[in-house]
Amino acid sequence: MEARKLFDTRSGMVLTACLLGLVIAAVVGRGFVAEPRFFRLAGTAAIPLAILLPVLAILTVTGEWRHRTALTTFTLESRRGRVLAAKCLPPLAATVVACLFALLVAVPATAMAAAVQGAEADWAVPPATVLGWVATMILITAQGLALGLALLNAPAAIVISLGSTAIWSAIGQLGDVGATLAGWLDLNTTTSPLTGGEAMTGGEAARLAVSVLAWIVIPAAFGALRVSRMDIT
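Small disclaimer: the values here were computed from a predicted structure and weren't measured.

Engineer: For the overall build of the protein chain, give the residues involved together with the corresponding values.
Structural biologist: Scanning the protein chain from N- to C-terminus turns up eleven helices and zero strands. If you list the helices and strands of the protein chain from N to C, you get α-α-α-α-α-α-α-α-α-α-α. Sorting the 233 residues of the protein chain into buried and exposed places 43% on the buried side. When contacts within the protein chain are restricted to residue pairs at least 6 apart in sequence, those whose partners lie at least 24 apart make up 76%. When the accessible area of the protein chain is evaluated, it comes to approximately 11,900 Å², of which 69% is carbon and sulfur surface.

This is the structure:
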């Protein structure tokens, strides 16, 4: 049921259509201006994915309060933890599917770019790099879920999600203190080693853990506790 809601609502259908269209446009467009390297083209899809997947996740977990259907939902299923799990799992699964779709689109795009440029296509990509990229997209989507759960307000969560990159970029420019804060708390920065294809160092793993704790674990736990105890009207 919740997986179907992800796509059969008006906002869900529009976002899904925009997501697919932007992924195709980004990958194919990059093929005309960049070398025919498979994963470089596929990685271009990270831009629309990182923007729209968290928004889709936020709308999923806040929809019951936005449309005032929470009372009906929690009456039909009184186990609120089960409802929250059903709402959180489909966006994460959709993230994996979207990443696979981007990789699939990159196959003909790479071949086409190689033919147009008269160059040899580079298909080599370490599996660890692909897995790290998918894991990064999952964490970014999970951040949207956590914000949606904590705030239960779609506009506020979307603004924070979309504005966090610019905010942390500005903070990173505020001297050594700002750079240190961004290095430990900016999820976009701490997840970058995941796509490096090499084992993370202890410091990189620690910074990733701190940012995940701050932006995913704590907000999600607070939101789940809030939903489990609040009066539904």
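Now that the structure has been shown, we can carry on.
Engineer: Help me get a handle on the packing of aromatic side chains, residues and values and all.
Structural biologist: In the structure shown here, the tally under the stated rule is three aromatic pairs. Note on phenylalanine 38 and tryptophan 123: the rings are 5.8 Å apart at their centroids and 35° apart in plane angle, and the pair reads as tilted. In this pair, phenylalanine 38 sits in helix α3 (residues 38-43) while tryptophan 123 sits in the loop between α6 (80-117) and α7 (127-151), placing the two residues 85 residues apart along the sequence. The class of phenylalanine 38 is buried, set by a relative accessible area of 11%.

Engineer: Tell me about a nonpolar patch on the surface, and please be specific about residues and values.
Structural biologist: A surface patch of nonpolar side chains, about 440 Å² in accessible area, is lined by Phe32, Val33, Met112 and Val116. Going through the elements one at a time, α2 (10-33) and α6 are the ones with two or more residues in the nonpolar patch.

Engineer: Please set out the nonpolar core residue by residue, giving values where relevant.
Structural biologist: Nonpolar side chains tend toward joint burial in soluble globular proteins. Core analysis: the largest hydrophobic core is formed by 36 residues, its most contacted members being Leu19, Val23, Val27, Leu49, Leu103, Trp133 and Met137. Sorting the residues of this core by element identifies α2, α3, α4 (46-66), α6, α7 and α8 (154-172) as the ones contributing at least two each. If sequence neighbours within four positions are ignored, leucine 103 has contacts with Phe38, Phe39, Ala42, Val130 and Trp133.

Engineer: Describe the packing of α7 against helix α11 (residues 202-229), listing the residues and the values that go with them.
Structural biologist: The interhelical angle for the contact between α7 and α11, taken along N-to-C directions, is 35°, at an axis separation of 7 Å. Along this stretch, α7 crosses α11, giving a crossing that reads as left-handed. In contact with Leu139, Ala142, Gln143, Ala146, Leu147, Leu149, Ala150 and Leu151 of α7, α11 contributes Leu208, Val212, Trp215, Ile216, Pro219, Ala220, Phe222, Gly223 and Arg226. Residues of the contact of α7 with α11, tallied by class, amount to 14 nonpolar, two polar and one charged.

Engineer: Now, about the packing of helix α9 (residues 175-185) against α11: what can you tell me, with residues and values included?
Structural biologist: It is at 7 Å that the axes of α9 and α11 come closest, and there the two elements cross at 80°. With respect to α11, the element α9 is oriented roughly perpendicular. Residue-level contacts link Gly183, Trp184 and Leu185 of α9 to Ala206, Arg207, Val210, Ser211, Ala214 and Trp215 of α11. A breakdown of the residues in the contact of α9 with α11 according to their chemical character gives six nonpolar, two polar and one charged.

Engineer: So, the environment of glutamate 198: which residues are in play, and what are the values?
Structural biologist: Inspection of the secondary structure assignment puts glutamate 198 in the loop between α10 (187-190) and α11. You can call glutamate 198 exposed: its relative accessible area is 66%. It is 7.9 Å that separates the C-alpha atoms of glutamate 198 and threonine 129, two residues lying 69 residues apart in sequence.

Engineer: Could you give me a rundown of the side chain of threonine 44, with the residues and numbers involved?
Structural biologist: Within the secondary structure, threonine 44 sits in the loop between α3 and α4. From its side chain, threonine 44 meets the backbone oxygen of arginine 40 in a polar contact 3.1 Å long. In this structure, threonine 44 is in contact with Ala26 and Arg30, ignoring residues within four places of it in sequence.

Definitions and limits used
Residues numbered from 1 in each chain as written. Predicted model: local features only at pLDDT ≥ 70, side-chain atom pairs only at ≥ 80, totals over all residues. Heavy atoms only, no water. Helix = DSSP H or I, 4+ residues; strand = E, 2+ residues; numbered from the N terminus. Buried < 20%, exposed > 50% of the residue type's maximum accessible area, 1.4 Å probe, protein only. Contact = heavy atoms within 4.5 Å. Areas by Shrake-Rupley, 256 points an atom, 1.4 Å probe, with all protein chains shown as cover. Phe/Tyr/Trp six-rings, centres within 6.5 Å; stacked < 30°, edge-to-face > 60°. Patch = residues over 30% accessible without salt bridge, like charges linked within 9 Å, V, L, I, M, F, W, Y side chains within 5 Å. Salt bridge = Lys/Arg side-chain N within 4 Å of Asp/Glu carboxyl O. Core = buried A, V, L, I, M, F, W, Y, C linked by side-chain atoms within 4.5 Å. Axes fitted to C-alpha atoms, helices over the stretch in contact; angles between N-to-C directions. Left-handed = near helix turned anticlockwise from the far one by under 90°. Nonpolar A, V, L, I, M, F, W, Y, C, P; charged D, E, K, R; others polar. Parallel < 35°, antiparallel > 145°, perpendicular 65-115°, else oblique. Polar contact = N/O pair within 3.5 Å; in protein donor to acceptor, adjacent residues only side chain to side chain.

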